[in-house]
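Residue-level structure breakdown
Now for the letters of each chain:
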Amino acid sequence: TRVLGFGDEVQRRVLAGTSVLSSDRFHTHYEAAATVRAMVSRSMEGVLGSAGDRVDALLVPTCVSFPPAVYPGSDGGGVVEVDATQAFANDLMTVPVSLGGFPSVSIPASHEAGKSREPIGMQLVGGRGAEDSLLKLAEVLS
């Protein structure tokens, strides 16, 4: 079937996207989304633009929480338990970058919590057309 291989969160997002793009809702949602996209893009361009007084890259968390635990599954694969609300909240750091059309790359990092080190991801965001320099910086930092 079509849902084979897709987790619950992916299925929820596909259904939501299908609903938003239905003919009776298209204009209302699409036009509002296009307006928000333009605002996000202008805001990020103000920080990551090409003028000399702007920054070359931003270093921000990829997610707002630590990654979910992975448990061994009965089929030998991993089972990840993700709360739908938390999964949606974790998009907070990546959606504006995607909406604005800016290149980004997530690099591994860790957070020291007591005696253990928790894995986290950091995201480098660059100006439009800065993919090469962004990847070089990611290589240096990872």
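1. Here's the deal with the overall build of the protein
Across its full length, the protein carries 5 helices and 5 strands. Along the protein, helices and strands appear, N-terminal first, in the series α-α-β-β-β-α-α-β-β-α. Counting all 142 residues of the protein, 18% fall into the buried class. Restricting the contact set of the protein to residue pairs at least 6 apart, pairs at least 24 apart contribute 55%. Surface accessibility of the protein: about 10,200 Å² in total, with carbon and sulfur atoms responsible for 60%.

2. As for the confidence of the model for the protein
A residue-level look at the protein finds 85% of positions with pLDDT of 70 or above and a mean pLDDT of 80. Per-element mean pLDDT across the protein ranges from 68 in strand 3 (residues 78-80) up to 92 in helix 5 (residues 131-141).

3. Things to note about the layout of surface pockets
By volume, the largest pocket is sized at about 650 Å³. Forming the boundary of the largest pocket are 20 residues, of which Gly17, Val20, Ala33, Val95 and Leu99 lie nearest the centre. Elements that contribute at least two residues to the lining of the largest pocket include exactly helix 1 (8-20), helix 2 (26-48), helix 3 (84-90) and helix 4 (95-100). Among the residues forming the lining of the largest pocket, the class breakdown is 12 nonpolar, 2 polar and 6 charged.

4. Some remarks on a nonpolar patch on the surface
On the surface, a nonpolar cluster with roughly 370 Å² of combined accessible area is contributed by Leu59, Leu137, Val140 and Leu141. Tallying contributions element by element places helix 5 first for the nonpolar patch, with 3 residues. With respect to the element layout, leucine 141 can be found in helix 5.

5. Considerations on the packing of aromatic side chains
Taken as a whole and judged by the stated rule, the model has 0 aromatic pairs. Directly above the ring of phenylalanine 102 sits arginine 128, whose terminal nitrogen or CZ lies 4.2 Å from the centroid.

6. Structural notes on the side chain of threonine 62
Counting through the fold element by element, threonine 62 comes out in the loop between strand 1 (57-61) and strand 2 (70-72). Its relative accessible area of 14% is what places threonine 62 among the buried residues. Of the polar contacts made by the side chain of threonine 62, one reaches the side chain of serine 106; its length is 2.9 Å. Those residues in contact with threonine 62, other than ones at most four positions away along the chain, are Asn90, Met93, Thr94, Ser106, Gly121, Met122 and Gln123.

Parameters at a glance
Residues numbered from 1 in each chain as written. Predicted model: local features only at pLDDT ≥ 70, side-chain atom pairs only at ≥ 80, totals over all residues. Heavy atoms only, no water. Helix = DSSP H or I, 4+ residues; strand = E, 2+ residues; numbered from the N terminus. Buried < 20%, exposed > 50% of the residue type's maximum accessible area, 1.4 Å probe, protein only. Contact = heavy atoms within 4.5 Å. Areas by Shrake-Rupley, 256 points an atom, 1.4 Å probe, with all protein chains shown as cover. pLDDT = per-residue confidence, 0-100. 1 Å grid on protein atoms, 1.4 Å probe; cavity = no way out; pocket = protein on both sides within 12 Å on 5 of 7 lines; lining within 4 Å. Points joined across faces, edges and corners; volume = space filled by probe spheres on them. Nonpolar A, V, L, I, M, F, W, Y, C, P; charged D, E, K, R; others polar. Patch = residues over 30% accessible without salt bridge, like charges linked within 9 Å, V, L, I, M, F, W, Y side chains within 5 Å. Salt bridge = Lys/Arg side-chain N within 4 Å of Asp/Glu carboxyl O. Phe/Tyr/Trp six-rings, centres within 6.5 Å; stacked < 30°, edge-to-face > 60°. Lys NZ or Arg CZ within 6 Å of the ring centre and 35° of its normal. Polar contact = N/O pair within 3.5 Å; in protein donor to acceptor, adjacent residues only side chain to side chain.

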